[in-house]
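Per-entry structural report
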Amino acid sequence: LKGKFDQAIVLFEKAEPLYRNAGNWKKYFESRLREGACHESLGRLDVAKSITESVLDEVDKIENERDRDLLAARAYTNIGIYYDFKGNIPKSIYNYKLSMRLTVKHKGDKVQEVANLMNNLGISHLRMGVLDSSVYYIKKGLEVSESHAKIDSFRLSHSYHLLGVV
């Protein structure tokens, strides 16, 4: 897989200046976030975080508020994951909640992204030893997954698994 991620990074790096020069900021930032995710998958967490922070620094260039906020939400989730890996759980929770606020604002609270964020928050609280909050967030994530029109059975089973662990 390493070679595939490295290939993807090269392609994203080729696409990004083209999007930037064309002023297609949404595609540019989407490409940047995907590039960052590839670096994260390769264990290059600091590179991934740097790329994601650069998106947040410039995301205001996207004129459409919904597009801008949803890209920022993805970036905050990625930064939350970074801090989770680094063991800075309060910062991961802070970023997950920023992402949640923007996601709910534009998509409502019954979408899979919210379920995923609830699971992330549950795991973060579990890592801090706050079991009541952990159970709360995982149950909320499970409720959202169960009520979602297009249930992703993998994610749903993951929610059940997390609840069993707690």
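Along each chain, numbering runs from 1 in the same order as the chain's sequence is written. Local features in a predicted model are, by the rule used here, given only for residues with pLDDT of at least 70; side-chain atom pairs are given and counted only at 80 or more, and totals for whole chains, interfaces and linings are based on all residues. Each side-chain value is worked out from all heavy atoms of the structure, with water and hydrogens disregarded.

Here the focus is helix α4 (residues 65–86). For the purposes of this entry, the term helix denotes a DSSP run of H or I that reaches at least four residues, the term strand denotes a run of E that reaches at least two, and both are numbered from the N terminus. Under the convention used throughout, the expected extent of a helix is 1.5 Å for every residue step, that is, one less than its residue count. Across its 22 residues, α4 extends 31 Å between first and last C-alpha, which sits within 8% of the 32 Å expected from 1.5 Å per residue. Backbone nitrogen of Arg 66 and a side-chain oxygen of the N-cap are separated by 3.0 Å at the start of α4; the cap is Asn 64. Looking one or two places after α4, you find Gly 87, whose phi comes out positive at around 85 degrees. Between N or O atoms, a polar contact is any pair within 3.5 Å; within protein, one atom must be a potential hydrogen donor and the other a potential acceptor, and residues adjacent in sequence are included only when both atoms are from side chains.

Moving on, we come to helix α3 (residues 45–58). Compared with an ideal rise of 1.5 Å per residue, which puts 14 residues at 20 Å, α3 spans 20 Å between its outermost C-alpha atoms and is within 8% of the ideal. Every residue pair with non-hydrogen atoms within 4.5 Å of one another is taken to be in contact. Where α3 is buried, its residues contact α1 (2–22), α2 (25–41) and α4.

What follows deals with the pattern of salt bridges. Oppositely charged side chains can pair when the atoms bearing their charge come close. Any carboxyl oxygen of Asp or Glu within 4 Å of a side-chain nitrogen of Lys or Arg constitutes a salt bridge here. Going through the model one piece at a time under the given rule, you end up with 14 salt bridges. Note that Arg 32 is salt-bridged to Glu 16, the shortest N-O span being 3.4 Å. One end of the pair, Arg 32, is in helix α2; the other, Glu 16, is in helix α1, with 16 residues separating them in the sequence. Partly exposed residues are those whose accessible area sits between 20% and 50% of the maximum for their type, while under 20% is buried and over 50% is exposed, using a 1.4 Å probe and protein chains only. We classify Arg 32 as buried; its relative accessible area is 15%. Since its relative accessible area comes to 5%, Glu 16 is described here as buried. A salt bridge links Asp 84 to Arg 127; its shortest N-O distance comes to 2.5 Å. One end of the pair, Asp 84, is in helix α4; the other, Arg 127, is in helix α6 (residues 112–128), with 43 residues separating them in the sequence. Its relative accessible area of 13% is what places Asp 84 among the buried residues. Among the charged side chains, a salt-bridge network with shared partners connects Glu 16, Arg 32 and Glu 35.

Let us look at the packing of aromatic side chains. Aromatic contacts are taken between Phe, Tyr and Trp rings whose centres are within 6.5 Å, Trp giving its six-membered ring; a plane angle under 30 degrees counts as stacked, one over 60 as edge-to-face, and the others as tilted. Throughout the structure, instances matching the rule amount to five aromatic pairs. Consider the rings of Tyr 28 and Phe 29, whose centres lie 5.1 Å apart with planes at 65 degrees: the pair is edge-to-face. Ring centres 5.1 Å apart and planes at 75 degrees place the aromatic pair Tyr 136 and Tyr 137 in the edge-to-face group. Judged by its relative accessible area of 46%, Tyr 136 is partly exposed. Its relative accessible area of 14% is what places Tyr 137 among the buried residues. Linked through ring pairs, Trp 25, Tyr 28 and Phe 29 together constitute an aromatic cluster.

Attention now goes to the side chain of Lys 49. In this structure, Lys 49 sits in helix α3. Those residues in contact with Lys 49 that sit more than four places away from it in its chain are Tyr 82 and Tyr 83.

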